[in-house]
Amino acid sequence: MKIKNICCIGAGYVGGPTMAVIALNCPKINVTVVDSNPNKIRAWNGDLEKLPVFEPGLKEIIKNVRNKNLFFSSDIDKSIDLSEMIFMAVNTPTKESGVGAGMAADLKYIEACARNIAKVAKSDKIVVEKSTLPVRTAEKIKEILDSEGNDVNFEILSNPEFLAEGTAIQDLFKSDRVLIGSDSTKTAKSAAKSLIEIYSSWIPKKKILTTNVWSSELSKLASNAMLAQRISSINSFSAMCEKTGADIKELSKAIGLDRRIGPKFLEPSVGFGGSCFQKDILNLVYLCKHYGLYEVAEYWHQVVKINDYQKNRFTQKIIDNLDGKIKQKKIVILGWAFKSNSNDSRESASIHVTAKLLSLGANVHVFDPLIKKTQVILDLKKLWKKNTLEKKDINRMLNNFKYTEYPQETILDGTAAVALITDWNEFKKYDWNKIVNQSNNKILIFDGRNILPLKHKRIFKI
Ligand code: NAD
Ligand code: UGA
């Protein structure tokens, strides 16, 4: 099938950047990104400095292709109707209630997409799973499309996304691989060929890998699990280093020089954040249990447990070094995004560290270069709501919370401890000598990324 119009349902961190790159590389295809959230669509159509997703290089592409062959619209039905190919790039968070709550992926958004496509489609469509999904979800989608559809033919492809936030544009341009899973029927192969044609506009053919649908779906979960496993592994060794006097940076370098292991994803931290690693591993654990693979489930669950341990260990280190007395003490948190170069704070370690310090009565001041006060408060409230905290406790903690626009000045003004959690480059450039000296060597600095350029007995590494 020759593709002239693409619809992408979901204008988020995946849908926005991915479709912008497709539109740029395929000028003959009209790409429309739709979303049920009208504010998001308005923002995508608005000021380039205020796009809903911050990614280096993104606004330049949007400027180039927006309203030429890339459109953002709230008219979901019209875009489905007009398109030969529909990407589903909606969120698949961890289920909050019902069977599998706290572990399984919530497929209500993906199922709603399938229902919408079934209702609207009057001609054959290729439906592409872009969201990260449990293995065998395509079966469920097919069932919805065929039982609720208008007797048109739907081909379902799995095409998981491997971009990382903060480097999304460069990842999309130079993907290590593009994965396309399809059935082996003639029509399915032809649908896969249409998608291969799109990607081959800029991705070398040898990097486009075709597999069966289940391998493709499971490869995505497996890739995230293995990446996260490396972080939990190095973080577990950071705890060992602290006990033994070994240096985690030296360890990381020594391990990574083995070509069989490689240097990437061996940076210690306060634990991985982001919307995907934790939820995808929990989903994998759930699936393993579903298939009766309890040992496999426990193996992967440990990756998330070590991540929680690392967040708690970092927070406890701050508390212990303040002699357990943090009530009314001023603590500054540097960084709220889950990683640098992103405006995303979902599952950021900063949320957990801050909530714990506030619960013990500390006065916590937060700064992030991209994430503003309203989002920080929303994130804290979401966690408190999940932990069923009472309103009076929430208000008490919010009274002790402040957001600062002037981090260096705030730190210099009577701070007991600084916790650096996000690896923003600008934090390295602060005048740390002045900060230590002005406090009469009293301030404690907890470098949760090991990025500060100076060594000092009051700077604690992770
Ligand atoms: P997101 O929350 O940023 O965006 C999802 C969007 O879908 C939201 O704007 C939401 O309003 C919209 N939506 C939900 N249901 C809808 C419906 N029925 N109709 C129309 N719009 C609907 O999510 P994201 O971070 O872009 O992630 C999307 C998927 O991609 C997830 O499955 C995620 O695991 C996967 N993924 C994410 C990343 C990443 O870096 N964020 C990378 C690879 C894969
Ligand atoms: C991750 C994967 O890297 C992507 O391939 C995948 O597509 C995506 O998840 C997804 O499915 O959503 P992302 O979460 O955006 O991408 O960012 P990462 O660079 O993987 O970082 C995740 C977290 O791990 C961040 O908090 C980061 O600071 C932390 N991290 C990363 C470390 O602590 N140490 C490292 O060595 C690397």
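Remember, predicted model here, so these are calculated numbers, not experimental data.

A.B. asks: Sorry, what's going on with the overall build of the protein here?
C.D. replies: Along the backbone of the protein there are 17 helices and 14 strands. A globule of 462 residues ought to have a C-alpha radius of gyration of about 23 Å, and the protein, at 24 Å, matches this closely. C-alpha atoms of the protein, sized along the principal axes, occupy 75 × 50 × 45 Å. Out of the 462 residues in the protein, the part that is buried amounts to 43%.

A.B. asks: Even after reading the chapter, I still don't get the site of ligand 2, so can you show me in this structure?
C.D. replies: In the vicinity of ligand 2 lie 20 residues, with Glu267, Ser269, Phe272, Gly274 and Cys276 positioned nearest. Sorting elements by how many residues they give to the shell around ligand 2 places helix α9 (residues 213-244) first, with three residues. Among the residues making up the shell around ligand 2, the classes are represented as 11 nonpolar, five polar and four charged.

A.B. asks: Please clarify how the sheet that holds strand β11 (residues 401-403) should be interpreted in this entry.
C.D. replies: Backbone-to-backbone hydrogen bonds pair the strands of a sheet. The strands run either parallel or antiparallel. On the basis of which strands lie adjacent, the open sheet formed by six strands has the order β11-β10-β9-β12-β13-β14 and parallel pairing. Two strands bound the open sheet, and with one partner strand each, they are β11 and β14 (459-461). In this sheet, neighbouring strand axes are inclined to one another by 20° on average, regardless of whether the strands run parallel or antiparallel. Sheet analysis places strand β12 (residues 417-420) next to strand β13 (residues 444-447), joined by four bridges and oriented parallel. Bridge pairing in β13 places Ala419 opposite Phe446.

A.B. asks: Teacher, can you tell me more about the site of ligand 1 here?
C.D. replies: For ligand 1, the set of nearby residues contains 26 residues, the closest of which are Gly10, Gly12, Val14, Ser131 and Thr132. The greatest single-element share of the shell around ligand 1, amounting to three residues, is contributed by helix α5 (residues 108-120). When its residues are assigned to classes, the shell around ligand 1 shows 12 nonpolar, 10 polar and four charged.

A.B. asks: What's the story with the domain arrangement of the protein in this structure? I'm lost.
C.D. replies: Many descriptions give the size of an interface as the accessible area lost when the pieces come together. Along its sequence, the protein is carved into domain 1 (5-211) and domain 2 (224-461). Each of domain 1 and domain 2 has a C-alpha centre, and the two are 32 Å apart. Counting residues at the interface gives 14 residues for domain 1 and 16 residues for domain 2. A breakdown of the residues in the side of domain 1 that touches domain 2 according to their chemical character gives nine nonpolar, four polar and one charged.

A.B. asks: Explain the packing of α9 against helix α10 (residues 248-256) here, please?
C.D. replies: For any two helices packed against each other, the geometry is given by the interaxial angle and the distance between the axes. Packing of α9 against α10 leaves a shortest axis separation of 9 Å and a crossing angle of 135°. Here α9 lies oblique to α10, going by the angle between them. Helix-helix and strand crossings are classified by hand; for α9 and α10 the assignment is right-handed. For the pair formed by α9 and α10, the contact residues are Ile234, Phe237, Ser238 and Cys241 on the first element and Ile248, Leu251 and Ser252 on the second. Of the residues belonging to the contact of α9 with α10, the class tally is five nonpolar, two polar and no charged.

A.B. asks: Would you mind showing me how to read the environment of His456 here?
C.D. replies: Assignment of secondary structure puts His456 in the loop between β13 and β14. Separated by 425 residues in sequence, His456 and Val31 place their C-alpha atoms 53 Å apart.

A.B. asks: Help me out: how do you make sense of the pairing of β13 in this one?
C.D. replies: For a regular strand, side-chain orientation follows a simple rule: the groups alternate between the two sheet faces. Handedness of the β-α-β unit built from β12, helix α17 (residues 432-438) and β13 comes out right-handed. Inspection of the sheet shows β13 paired to β14 by three bridges, in the parallel sense. Bridging from a neighbouring strand, Ile445 pairs with Ile459 of β14.

A.B. asks: Please clarify how unusual backbone geometry should be interpreted in this entry.
C.D. replies: Negative phi is the rule for most residues except glycine; trans is the rule for most peptide bonds. Residue Arg136 is not a glycine yet carries a positive backbone phi of 85°. You can see Arg136 is positioned in the loop between β5 (125-129) and α6 (137-148). The phi dihedral of Asn441 is positive, around 55°, even though this residue is not glycine. Locating Asn441 in the fold gives a position in the loop between α17 and β13.

A.B. asks: Where do I start with the confidence of the model for the protein in this structure?
C.D. replies: Detailed reading of the predicted coordinates is not advisable wherever pLDDT falls low. On average, residues of the protein score 97 in pLDDT, and 100% of them reach the 70 mark or higher. Here β14 stands out as the least confident element of the protein, with mean pLDDT 94; strand β2 (residues 30-34) is the most confident, with 99.

A.B. asks: Explain α6 here, please?
C.D. replies: Spacing of three or four residues puts side chains on the same side of an α-helix, whose turn is 3.6 residues. Given a rise of 1.5 Å per residue, 12 residues ought to cover 16 Å, and the 17 Å separating the end C-alpha atoms of α6 matches this to within 8%. The secondary structure elements touched by the buried residues of α6 are α5, β5, β6 (154-158) and α9.

A.B. asks: I keep staring at the nonpolar core and nothing clicks. Help me out?
C.D. replies: Side chains that are nonpolar tend, in soluble globular proteins, to be buried together. Counting 84 residues, the largest nonpolar core has Ile9, Ile86, Met88 and Val127 as its most contacted members. In terms of residue count, helix α11 (residues 277-290) provides more of this core than any other element does, seven residues in total. Taken domain by domain, this core gets at least three of its residues from each of domain 1 (5-211) and domain 2 (224-461). Setting aside anything within four residues of it in sequence, one finds Ile9 in contact with Val34, Ile76, Ile86, Phe87, Met88, Ala89, Val90 and Cys113.

A.B. asks: I keep staring at the environment of Tyr291 and nothing clicks. Help me out?
C.D. replies: Relative to the helices and strands, Tyr291 is located in the loop between α11 and α12 (294-321). Among the residues examined, Tyr291 registers 10 C-beta atoms within 10 Å and is labelled exposed. As for Tyr291 and Leu48, which are separated by 243 residues in sequence, their C-alpha atoms are 47 Å apart.

A.B. asks: Mind showing me how you'd approach the environment of Ile421 here?
C.D. replies: By the element assignment, Ile421 lies in the loop between β12 and α17. A sequence separation of 68 residues divides Ile421 from Val353, and the C-alpha atoms of the two residues are 9.1 Å apart. Those residues in contact with Ile421, other than ones at most four positions away along the chain, are Val270, Ile333, Leu334, Gly335, Ala349, Ser350, Val353 and Gly448.

A.B. asks: Quick question: what am I supposed to make of the packing of helix α1 (residues 15-25) against helix α3 (residues 58-65) here?
C.D. replies: Interhelical geometry of α1 versus α3 gives an angle of 50° and a closest axis separation of 10 Å. Judged on the interaxial angle alone, α3 and α1 are oblique. Crossing of α1 against α3: the hand is left-handed. In this structure, α1 uses Pro17, Ala20, Val21, Ala23 and Leu24 to contact α3, whose residues at the interface are Leu58, Ile61, Ile62, Asn64 and Val65.

Reading the values: the criteria
Residues numbered from 1 in each chain as written. Chains lettered and ligands numbered in written order. Predicted model: local features only at pLDDT ≥ 70, side-chain atom pairs only at ≥ 80, totals over all residues. Helix = DSSP H or I, 4+ residues; strand = E, 2+ residues; numbered from the N terminus. Rg over C-alpha atoms; globule rule 2.2 N^0.38 Å. Buried ≥ 20, exposed ≤ 12 C-beta atoms within 10 Å, placed from the backbone. Near = placed C-beta within 6 Å. Nonpolar A, V, L, I, M, F, W, Y, C, P; charged D, E, K, R; others polar. Pairing = 2+ DSSP bridges. Axes fitted to C-alpha atoms, helices over the stretch in contact; angles between N-to-C directions. Domains from an automatic or database assignment. Contact = placed C-beta atoms within 7 Å. Parallel < 35°, antiparallel > 145°, perpendicular 65-115°, else oblique. Left-handed = near helix turned anticlockwise from the far one by under 90°. Right-handed = clockwise from strand over helix to strand, strands pointing away. pLDDT = per-residue confidence, 0-100. Expected span 1.5 Å × (residues − 1). Core = buried A, V, L, I, M, F, W, Y, C linked by C-beta atoms within 7 Å.

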